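Residue-level structure breakdown
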Amino acid sequence: GEKAKEEICKGKGGGKITVMQLDLCDFASVRSFCAEFRNKGLPLHVLITNAGILRWKGWVASKDGFEEHLQANHLGHFLLV
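To start, this report covers the structure provided alongside it. Please read these numbers as outputs of a predicted model, since none were measured by experiment.

**Looking at the overall build of the chain**
- The number of helices and strands found in the chain is three helices and zero strands.
- Of the regular secondary structure in the chain, the N- to C-terminal order runs α-α-α.
- For the chain, the spread of C-alpha atoms along the three principal axes comes to 45 × 25 × 15 Å.
- The buried share among the 81 residues of the chain stands at 23%.
- Intrachain contacts of the chain at a sequence separation of at least 6 include 44% that bridge at least 24 residues.
- If you sum the accessible surface of the chain, you get close to 6200 Å²; carbon and sulfur atoms cover 57% of it.
- In the chain, the 11 positive side-chain charges and the 9 negative ones have mean positions that sit 6 Å from each other.

Here it is as structure tokens:
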């Protein structure tokens, strides 16, 4: 996150970027992220929801009991937005 932020800020126009921790495979992490963001009192101009996983190790359950791909690629995003 921080490395990507540095690269983006080097570019034309710079900008202000806030990097925050978020694990879509953990609903508690998503809720914590949302609470932390709200507490910052910042406007949200852009939200890129392109995170996901694509690997197959068999059926793997998330901490919340859902199949890991389903939670990371779909359910976590729905909870976030």
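**Notes on a nonpolar patch on the surface**
- On the surface, L44, L47 and V81 cluster together to form a nonpolar patch covering roughly 300 Å² of accessible area.
- Structurally, L44 is set in the loop between α2 (27-40) and α3 (68-80).
- On the basis of relative accessibility, which here comes to 51%, the residue L44 falls in the exposed class.

**Things to note about α3**
- Where α3 bends most, at H74, the angle is about 35°.
- Looking only at α3, the buried set comprises E68, H69, Q71, A72, G76, H77 and L80.
- At its buried positions, α3 is contacted by α2.

**Section: the nonpolar core**
- One finds M20, L24, V30, F33, C34 and L80 forming the largest nonpolar core, which totals six residues.
- At three residues, α2 tops the list of elements feeding residues into this core.
- Excluding residues within four positions of it along the chain, F33 makes contact with M20, Q21, L22 and L80.

**Overview of the pattern of salt bridges**
- Within this structure, the stated rule accounts for two salt bridges.
- Two residues, E7 and K10, come together in a salt bridge whose shortest N-O distance is 3.3 Å. Pair noted here: E7 and K10 are both in helix α1 (residues 2-10), with a separation of three residues, about one helical turn.
- What makes E7 partly exposed here is its relative accessible area of 47%.
- Residue D26 is joined to K63 by a salt bridge in which the shortest nitrogen-to-oxygen separation is 3.3 Å. Here the residue D26 occupies a position in the loop between α1 and α2, and K63 occupies one in the loop between α2 and α3, the gap between them amounting to 37 residues.
- Owing to a relative accessible area of 13%, D26 belongs among the buried residues under this scheme.

Conventions we followed
- Residues numbered from 1 in each chain as written.
- Predicted model: local features only at pLDDT ≥ 70, side-chain atom pairs only at ≥ 80, totals over all residues.
- Heavy atoms only, no water.
- Helix = DSSP H or I, 4+ residues; strand = E, 2+ residues; numbered from the N terminus.
- Buried < 20%, exposed > 50% of the residue type's maximum accessible area, 1.4 Å probe, protein only.
- Contact = heavy atoms within 4.5 Å.
- Areas by Shrake-Rupley, 256 points an atom, 1.4 Å probe, with all protein chains shown as cover.
- Lys, Arg positive; Asp, Glu negative; His and termini not counted.
- Charge placed at Lys NZ, Arg CZ, Asp CG, Glu CD.
- Patch = residues over 30% accessible without salt bridge, like charges linked within 9 Å, V, L, I, M, F, W, Y side chains within 5 Å.
- Salt bridge = Lys/Arg side-chain N within 4 Å of Asp/Glu carboxyl O.
- Bend = angle between axes of the 7 residues up to and from the residue.
- Core = buried A, V, L, I, M, F, W, Y, C linked by side-chain atoms within 4.5 Å.

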